[in-house]
Amino acid sequence: MDATRFFVLVVQSIIQLLQTVCDELGEATCGRVQQRAEQLRQEMARLLQELEQSAFAWGDLLLAALQQWQLWATAGVLVLLFGLCWRLRRRSRQPASSSQEESCSSNTGRKEEKSGGDDSDDARCLFRTSAKRIRWSVQNLAYRSRVVEELVGDLLAFLQECLATSFLPVLQPAIAVGSAFEGWSPRGCDAVYRLLVPLKPPCGHTFCLELGTAGEVPKDSRVRVELECTCTRGQLVKNTLCFLHHPEEALRRNPAASLLGTLCTGSYLDVEKTAQWFQDLVRSAWGEMLWSHHYGMKVLPSSRSCKLQLTNASGRSLFVEMVFGVQQGDSDIFLSSQTTEAIFTPSTTWAESYAVAEVKFFRHIARQAPHEAFHLQCLQLFAGILVGTGFSTCIFKTVAMHLLNTIPPSSWSRREFLMRLQDMLWYLRSCLEEKHLDHFFFGNENMPQDIILPPAFQMAEPLNLFQHLEQDPAAHAKAMRECDKLQDRLTRLLFHGQ
């Protein structure tokens, strides 16, 4: 009977073990295990009842044999159940352990794996963080750029009709320039959308460009207005008088017709008079345009351009600036009315502008780069850390163009995002240490073919934009400190997202 009690205890242990294993299994398997345990319990009760009622002499022998068989069977079942339980526990913990191993390897793994893995993890983390900050800004810039180009195009078309019979400058289609139209902007959603409006001389007039001193950036130049004979042309077109040979009669018919008498100071085209004239045209024409039903327009104060604040029904504003330019021959270089860095700029001074060539360069890069290139995101992010420093947008853009023209477009990918940011900073630092940064458009032998430069640019020696640092040690020391500040800002951005 002691053996019988032992057998009962063993079977009960097996049943409890089956219930424990059941907790590790699914619902369907658990049901089958519980059913098997119940069958085993019933079989045990029947066997005990038969043993107790048996009176045969060989019962003890049979019980002994049965005991041996029960022990071996119990041992086998226990081994199988323990093996099954161990395997199930291992399987259930494998996903968690594998994820922990992956996390451990990415954060505190072996040294040889950490050096490469950390860079990859940092790149992914920075990409996700910066992408959230930049993606909307870049997409918004693209959308607003299209709206501004369409609006200004309609405005200029309307003004061209109004000026068709005048002897005032002929407005040409606007050219979108500046960082906002290049796809990046240090001011993000508050970007100023700048367009250059080329001016052609009216009938009977010609523009003669007096370029400034070579080696100055920007060169201060002037636009001299000269009269040309239209006597032959007047025979073909009625009521057309030659200002050169009949100035008194032409002015008597139309006192405001003379360009020299309205928009010039002496014989030179006046920037401030031209800007005021254009602002008055926009004010008078806006109410006649369909765009006036969608945007409220306000002309902002500006002496050398036409700045507009356009506000829609929801209160969001677009800031548009139209500057005026006179083209140098057939090239992409213009004399522009844009504000110079000088404290005082005479009203007859026009600065040499490379804005059209710059925007054509960025379009060239966009055509060469893969669809998922991140060069604009690099520019946007780096422009953000420049805000508040002593480095101008011109310097930063020059550094960026040199790198874009040197590093293949395929290398401006998401994977190399961090590397390109650091390349910009290293390039700037090396130029500061050497006190030498070449102007991108002077003497550059690697200029894309679709950018048209004057012959003098192609034959010129490279122009050093950091030449002033050689003559001013204090300015050089300040620039190096500013570069260190940029490195600190980039580090905080990479490791703290600030």
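Residues numbered from 1 in each chain as written. Predicted model: local features only at pLDDT ≥ 70, side-chain atom pairs only at ≥ 80, totals over all residues. Heavy atoms only, no water.

## Structural notes on the overall build of the protein
Reasoning step 1: Across its full length, the protein holds 16 helices and twelve strands.
Reasoning step 2: The buried share of the protein, reckoned over its 498 residues, is 43%.
Reasoning step 3: Look at the contacts in the protein between residues 6 or more apart in sequence, and 64% of them connect residues 24 or more apart.
Reasoning step 4: Accessible surface computed for the protein: about 28100 Å², of which carbon and sulfur atoms make up 53%. (Helix = DSSP H or I, 4+ residues; strand = E, 2+ residues; numbered from the N terminus. Buried < 20%, exposed > 50% of the residue type's maximum accessible area, 1.4 Å probe, protein only. Contact = heavy atoms within 4.5 Å. Areas by Shrake-Rupley, 256 points an atom, 1.4 Å probe, with all protein chains shown as cover.)

## Section: the confidence of the model for the protein
Reasoning step 1: Averaged over all residues, the pLDDT of the protein equals 76, while 63% of them reach at least 70.
Reasoning step 2: Note on residues 55-59: pLDDT under 50 across the span, and zero contacts to partners over four residues away in sequence or across chains.
Reasoning step 3: Throughout residues 89-117 the model reports pLDDT below 50, and contacts reaching past four residues in sequence, or to other chains, amount to eight contacts. (pLDDT = per-residue confidence, 0-100.)

## Regarding the side chain of Gln-328
Reasoning step 1: In this structure, Gln-328 sits in the loop between strand E10 (317-327) and strand E11 (334-336).
Reasoning step 2: A distance of 2.9 Å separates polar atoms of two side chains, one belonging to Gln-328 and the other to Glu-352.
Reasoning step 3: Ignoring anything within four residues of it in the chain, the contact list for Gln-328 reads Leu-209, Leu-211, Ile-333, Phe-334, Leu-335, Glu-352 and Pro-454. (Polar contact = N/O pair within 3.5 Å; in protein donor to acceptor, adjacent residues only side chain to side chain.)

## So, the pairing of strand E9 (residues 306-311)
Reasoning step 1: Of the two faces of E9, the one holding Cys-306, Leu-308 and Leu-310 is buried and the one holding Lys-307, Gln-309 and Thr-311 is not buried anywhere.
Reasoning step 2: Between strand E8 (residues 296-300) and the antiparallel strand that follows it, E9, lie five residues. (Pairing = 2+ DSSP bridges.)

## Things to note about helix H11 (residues 375-386)
Reasoning step 1: Taking 1.5 Å per residue, twelve residues should reach 16 Å; H11 reaches 17 Å between its end C-alpha atoms and fits that length.
Reasoning step 2: The buried fraction of H11 is high, at eleven of twelve residues.
Reasoning step 3: Of the residues flanking the end of H11, it is Gly-388, one or two places downstream, whose phi is positive at about 90 degrees. (Expected span 1.5 Å × (residues − 1).)

## Looking at the environment of Val-177
Reasoning step 1: Turning to its location among the elements, Val-177 is positioned in strand E2 (residues 175-177).
Reasoning step 2: For the pair Val-177 and Arg-194, spaced 17 residues apart in the sequence, the C-alpha separation amounts to 5.8 Å.
Reasoning step 3: Dropping the residues within four chain positions of it, Val-177 is found in contact with Arg-194, Leu-195, Leu-196, Ala-355 and Val-356.

## Quick look at the packing of aromatic side chains
Reasoning step 1: As enumerated under the stated definition, the model contains 13 aromatic pairs in all.
Reasoning step 2: Residues Phe-181 and Tyr-193 carry aromatic rings whose centres are separated by 5.8 Å and whose planes lie at 80 degrees to one another, so their mutual orientation is edge-to-face. Linking Phe-181 in helix H5 (residues 179-182) with Tyr-193 in strand E3 (residues 192-200), this pair joins segments that are twelve residues apart in sequence. As far as the burial class goes, Phe-181 and Tyr-193 line up, both buried.
Reasoning step 3: Summarising the aromatic geometry, the rings of Phe-442 and Phe-457 are spaced 4.3 Å apart at their centres and angled 20 degrees between planes, so their arrangement reads as stacked. Of this pair, Phe-442 sits in the loop between helix H13 (417-434) and helix H14 (455-459) while Phe-457 sits in helix H14, and the two are 15 residues apart along the sequence. Phe-457 shares its class with Phe-442; the two are buried.
Reasoning step 4: Put simply, the rings of Tyr-354, Phe-361, Phe-362, Phe-440, Phe-441, Phe-442 and Phe-457 touch in pairs and so form one group of aromatic residues.
Reasoning step 5: One cation-aromatic arrangement involves Arg-222 over Tyr-268; the distance from NZ or CZ to the ring centre is 3.9 Å.
Reasoning step 6: Its end group placed over the ring of Trp-412, Arg-420 keeps NZ or CZ at 5.9 Å from the ring centre. (Phe/Tyr/Trp six-rings, centres within 6.5 Å; stacked < 30°, edge-to-face > 60°. Lys NZ or Arg CZ within 6 Å of the ring centre and 35° of its normal.)

## Considering the pattern of salt bridges
Reasoning step 1: Summed over the entire model, instances satisfying the criterion amount to 13 salt bridges.
Reasoning step 2: Of the charged contacts in the structure, one is a salt bridge between Lys-397 and Glu-182, with a shortest N-O distance of 3.2 Å. Here Glu-182 lies in helix H5 and Lys-397 lies in helix H12 (residues 393-406), a separation of 215 residues in the sequence.
Reasoning step 3: We classify Lys-397 as buried; its relative accessible area is 7%.
Reasoning step 4: Taking relative accessible area as the criterion, Glu-182 reaches 6% and is therefore assigned buried.
Reasoning step 5: Here Glu-482 makes a salt bridge to Lys-485, at a shortest N to O gap of 3.9 Å. A residue pair is termed a helical-turn pair when its members lie 3 or 4 positions apart in one helix, as Glu-482 and Lys-485 do in helix H16 (residues 473-496) at three residues.
Reasoning step 6: The partly exposed category is assigned to Lys-485, whose relative accessible area is 36%.
Reasoning step 7: Members of the salt-bridge network, linked through shared partners, are Glu-210, Arg-222, Arg-224 and Glu-226. (Salt bridge = Lys/Arg side-chain N within 4 Å of Asp/Glu carboxyl O.)

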